[in-house]
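So the chains spell out like this:
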Amino acid sequence: MEGPRSDETLLVGVAERDIGAFRVLYERHAGWLALRLARRCNDRDLVADAVQDTFVAVWQKPRGFRGDGDIAAWLWGIAIRRLVSRLRRRTDVAAMFESTATTPAAEDQVLLSVEHGDLGAALARLSPEMRAVIQAVVLDGLSAKEAAQLLHVPVSSVKTRLYRAKAQLRATLAEGLS
Amino acid sequence: MTGWHVDDETLRHYVERTDSMAEGASVEQHLLTCAQCRARVNTAATAVDSTMVDLAAVWDRTRDAVEVPRPSVFERLLRAAGIPAHEARLVAAASAFRGVWLVGVAAVLAFAAVAAMIGHARGLWLFLAVAPVAPCLVVAFSYDRRWDPALEPEMVTPYPALRLILLRTIAVLAVALPAVLLLGLFVPGEAPFAWLLPAVGFVAVVLAASTWVSPLNAAMAVSTVWLLTVWRLAARSASPTAVLQPRTQVAFLVLAAASFATFLVRRRHLHQLRPWR
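Residues numbered from 1 in each chain as written. Chains lettered and ligands numbered in written order. Predicted model: local features only at pLDDT ≥ 70, side-chain atom pairs only at ≥ 80, totals over all residues.

Asker: Describe in detail the overall build of chain B, supporting the description with residues and values.
Answerer: A tally of helices and strands in chain B yields 15 helices and 0 strands. By residue count, 38% of the 277 residues in chain B fall in the buried class. Contacts spanning at least 24 positions in sequence make up 75% of the contacts within chain B whose residues lie at least 6 apart. (Helix = DSSP H or I, 4+ residues; strand = E, 2+ residues; numbered from the N terminus. Buried ≥ 20, exposed ≤ 12 C-beta atoms within 10 Å, placed from the backbone. Contact = placed C-beta atoms within 7 Å.)

Listed below in structure tokens is the structure:
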């Protein structure tokens, strides 16, 4: 044997209905996917459902991966959209973006500003609503419509919040430069 | 790869969710391209995090989900149309969709259509003789136990029989009618649509008659009567367009309505469609 199989090889195996390859793929990716989803939704069952949906989708359409970029990125794209679609059916659970994250300790704050410069601080100064929108649209690559479904707010709010958040970030960063 | 990796401290913050947004975003971007750090996150998550989902349980459910045969295209269409999953399964289980003998019906129709296309008056007669009875035969076969093993478990499930029968009939017709219609397009003249009302009428007659006799017998009887009628008309060398006259069409409409009314009135006698008696 020549070491562990690559994700691409595993995906070929999945396409050939190899449940063993599917299992390896699951074990390699389910963990970090679940963790990343859990940072966006505090309902554990819903995250579990989204992870299950993701891998069922992979099993059904393994050829959905077009070979561009990393398989991990492709999986994440499926996972976040599955979460959105699960959340859309549930009005009682709202997505959460770091809103409960504790404020970093003072020394961490110093480290952070060293590490990330003004951007980290600028992001920290955004309101939770604006941060959520930035996270969904800019970092997770969702469309405004998907972000709206994820956050249970109208699409128009997503757009205004995104616009204001960008303006505020720009202003904060400009302040830091002067 | 850059050779850069998330340091242990940052990784711990990320897993424990004590990081800032910028830190989290940077970790997440890196994870998408670094298998090594993904593996570290997986390990750290199982070791530390109590808020983590039960991945073993999710795996079991995922495996169960993928090992169940995937619903057929038709079943998924039904579900998309708003029919509940269990009903969609029952409807889709109708033998008409196993295709074997639907192909047979299609072949006979295709033969008739080709004959009509070649221009023989006889071909047109043949099409008119076969097309109107095809849908009711399809429906009748889809209720015959000998042809449909799925009927056994299905019919012992307590279920509103009327709803199921209507759903199945509609589903069978949804498959049979377009097939016949498509072939009818190749038939010259107005004939392609002439058989539509007779076909609907005969299906209604079969449903009504099946409150007395088995659907297959009913369909056979209806087919025989129709074939004899067509044969006699042809023998009298009447034009095939006799069936197309508005008056005849109205008669078929009345037949359909009357039969359907009978079916609804006598729906307590549906035992012929519920073979457990």
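Asker: Explain the overall build of chain A to me, using residue names and the numbers behind them.
Answerer: Within chain A, the secondary structure is distributed over 8 helices and 0 strands. For chain A, the succession of helices and strands along the chain, N to C, is α-α-α-α-α-α-α-α. Within the span of chain A, comprising 178 residues, buried residues form 38% of the whole. Counted over contacts in chain A with a minimum sequence separation of 6, partners at least 24 positions apart contribute 63%.

Asker: Explain the packing of helix H2 (residues 19–38) of chain A against helix H4 (residues 71–88) of chain A to me, using residue names and the numbers behind them.
Answerer: The description of two packed helices rests on the angle between their axes and on the distance between the axes. Residue and element names in this part refer to chain A. Where H2 meets H4, the axes come as close as 10 Å, and the angle between the chain directions of the two elements is 45 degrees. By the angle class used here, H2 and H4 are oblique. Relative to H4, the crossing made by H2 is right-handed. Facing H2, whose interface residues are His29, Leu33 and Leu37, H4 presents Ala72, Leu75, Trp76, Ala79 and Leu83. Residue classes in the contact of H2 with H4 are distributed as 7 nonpolar, 1 polar and no charged. (Axes fitted to C-alpha atoms, helices over the stretch in contact; angles between N-to-C directions. Parallel < 35°, antiparallel > 145°, perpendicular 65-115°, else oblique. Left-handed = near helix turned anticlockwise from the far one by under 90°. Nonpolar A, V, L, I, M, F, W, Y, C, P; charged D, E, K, R; others polar.)

Asker: So, the interface of chain A and chain B: which residues are in play, and what are the values?
Answerer: By a widespread convention, an interface's size corresponds to the accessible area lost as its parts come together. Taken together, the contacts link 36 residues of chain A with 31 residues of chain B. Tallied by class, residues from the side of chain A that touches chain B come to 23 nonpolar, 7 polar and 6 charged.

Asker: Tell me about the packing of helix H9 (residues 134–141) of chain B against helix H14 (residues 215–235) of chain B, and name the residues and values.
Answerer: Residues and elements named next belong to chain B. The N-to-C vectors of H9 and H14 enclose an angle of 165 degrees; their axes lie 8 Å apart at closest approach. Regarding the angle of H9 to H14, the classification is roughly antiparallel. Of the two elements, H9 crosses H14, and the hand of that crossing is left-handed. Of H14, the residues touching H9 (which contributes Cys136, Leu137, Ala140 and Phe141) are Pro215, Leu216, Ala218, Ala219, Val222 and Ser223. Its residues assigned to classes, the contact of H9 with H14 shows 9 nonpolar, 1 polar and no charged.

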